[in-house]
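# Per-entry structural report
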Amino acid sequence: MSRLEEQIDVDVPIQVAWEQLHRVHDYPRFVDGVLHAHTHGGSRAHLDIEVDGSERAFETEITDRGQNQVMTWQTMDEAHLKGTFALLPIDASTTRVQVRVEYEPDAVREVFGGPHGFAQVAAIERTVRGDLEHFKQLVEEERPLPGS
């Protein structure tokens with residue numbers, strides 16, 4: 001199992017970041033390749049993802065832990081992806097978003113295609129970093145104004 005860890009600071013309170021992470025229907029706005037997403041059955045989410053020009057569907061299970069600070073997810077199919085989002089308050093208006101993704105390199109290559117070895121790791125790192133940057137942009141642009 002390979003592991004990738006990244007983090008980014010967002011200029012919103014922890015509760016604002018937490019609520020955005022749970023808006024699964026917004027995932028296409030910040031997660032590369034996600035075309036459609038919705039929740040169902042309480043802790044499940046369905047994601048339609050574009051991979052190399054073709055569409056694939058994935059089911060995930062989402063679990064909250066840590067009193068609005070940790071969300072875990074895992075795919076329920078052959079991709080065998082797992083991840084954790086941990087939110088840490090820096091101060092009243094800034095939150096650190098830490099993400100950890102665990103994956104089987106061979107399974108990811110089989111399901112998604114793409115490069116092997118170091119090139120695969122670099123591609124996954126770029127994607128996760130880009131997704132975090134898009135999350136930051138989305139959550140900071142849509143944060144409620146003071147007094148709203």
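The structure under discussion appears in the preceding block.
The notes below deal with the structure included here. (Residues numbered from 1 in each chain as written. Predicted model: local features only at pLDDT ≥ 70, side-chain atom pairs only at ≥ 80, totals over all residues. Heavy atoms only, no water.)

### Some thoughts on the sheet that holds strand β7 (residues 94–103)
Let me state the cut-off plainly: Two strands form a pair only when DSSP identifies at least two bridges running between them. In this description a helix means any DSSP run of H or I spanning at least four residues, a strand means any run of E spanning at least two, and both kinds are numbered starting from the N terminus. Axes here refer to lines fitted to C-alpha atoms; in helices the fit is confined to the stretch in contact. Angles between the N-to-C directions go from 0 to 180 degrees.
If you trace the seven strands from one edge of the open sheet to the other, you get β1-β7-β6-β5-β4-β3-β2, paired in antiparallel fashion. At either margin of the open sheet sits one strand with a lone partner, and together these are β1 (2–10) and β2 (34–40). When the angles between neighbouring strand axes are averaged without regard to direction, this sheet yields 20 degrees. Relative to strand β4 (residues 54–65), strand β3 (residues 44–51) is paired through eight bridges, and the arrangement is antiparallel. Counterpart to His46 in the pairing with β4 is Glu59.

### Here's the deal with the pairing of β4
Taken together, β3 and the strand that follows it, β4, pair antiparallel across an intervening segment of two residues, in which Asp52 is found at a positive phi of about 50 degrees. Where β4 meets strand β5 (residues 70–75), six bridges bridge the pair, whose relative direction is antiparallel. Each residue of the ladder has a partner; that of Thr63, found in β5, is Thr72. Counting the residues in the hairpin turn of β4 and β5 gives four residues, including Gly66, whose phi is positive at 75 degrees.

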